Amino acid sequence: MGRSPSTISREISRNGGAQAYRATRADKQAWQRALRPKQCRLACSGRLRWRVAQKLALQWSPEQIGGWLKRAYPGDPSMRISHEAIYRSLFIQSRGVLKKELTAHLRTKRQMRLGKGAQSNRTGQGQILDMVSIRERPAEAEDRAIPGHWA
């Protein structure tokens, strides 16, 4: 099949096990799972949403909540959520999963939060200061008559 045995094993166990696996049904379910946008885990699970809101009211950080859920419910993957998903649920208005009042319980009182990927460009790292376009180079650089203009 051209796939790793572990990949095939996961696919079979994800779709009913060796006895109940049917390729057409598994394919249909895979397409369903791939649909975007997905509903937030907090929107799907009232129990998880209640626990997260309870811990936020106690002024726990989203990182602490995610770690606590992992330890408190080790055998229940439906009771796990990342701290990024908690932040997204709090700060993105369109989700409306967690009440806006819970942001007051966060330790930092900022109104918005950028994801980890969006913060890297704010520092200016990787940017050349006072950069000059290559189109603006002098004509003598084109004829390469002067050493140092050879590329």
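Before any of the text, the structure's been laid out above.
Residues numbered from 1 in each chain as written. Predicted model: local features only at pLDDT ≥ 70, side-chain atom pairs only at ≥ 80, totals over all residues. Heavy atoms only, no water.

**Student:** Would you mind showing me how to read the packing of aromatic side chains here?
**Tutor:** Aromatic rings considered in pairs are described by the distance between their centres and by the relative angle of their planes. Counted by the stated rule, this structure contains 2 aromatic pairs. Between Trp 60 and Trp 68, the ring centres sit 5.9 Å apart and the planes meet at 90 degrees, which makes this aromatic pair edge-to-face. On the accessibility criterion, Trp 60 (24% relative accessible area) is partly exposed. Pairing Trp 68 with Tyr 73 gives two aromatic rings, centres 6.1 Å apart and planes at 90 degrees, and the pair type is edge-to-face. Among the aromatic residues, ring-to-ring pairing joins Trp 60, Trp 68 and Tyr 73 into one connected group. Above the plane of the ring of Trp 68 lies Lys 55, whose end atom (NZ or CZ) is 4.3 Å from the centre. (Phe/Tyr/Trp six-rings, centres within 6.5 Å; stacked < 30°, edge-to-face > 60°. Buried < 20%, exposed > 50% of the residue type's maximum accessible area, 1.4 Å probe, protein only. Lys NZ or Arg CZ within 6 Å of the ring centre and 35° of its normal.)

**Student:** Would you mind going over the pattern of salt bridges with me for this structure?
**Tutor:** Once their charged atoms are close, side chains differing in charge can pair, the charge on each being opposite to the other. Within the structure shown, the criterion is met by 2 salt bridges. For Glu 11, the salt bridge identified is with Arg 14, shortest N-O distance 3.4 Å. Of the two residues, Glu 11 and Arg 14 are both situated in helix H1 (residues 5-14); the distance of 3 residues between them amounts to about one turn of the helix. Using a relative accessible area of 24% as the deciding quantity, one classes Glu 11 as partly exposed. For Arg 14, a relative accessible area of 46% gives the class partly exposed. Put simply, Arg 47 and Asp 76 hold a salt bridge, and the shortest N to O gap is 3.4 Å. Here Asp 76 lies in the loop between helix H6 (62-72) and helix H7 (83-91) and Arg 47 lies in helix H5 (residues 46-57), a separation of 29 residues in the sequence. (Salt bridge = Lys/Arg side-chain N within 4 Å of Asp/Glu carboxyl O. Helix = DSSP H or I, 4+ residues; strand = E, 2+ residues; numbered from the N terminus.)

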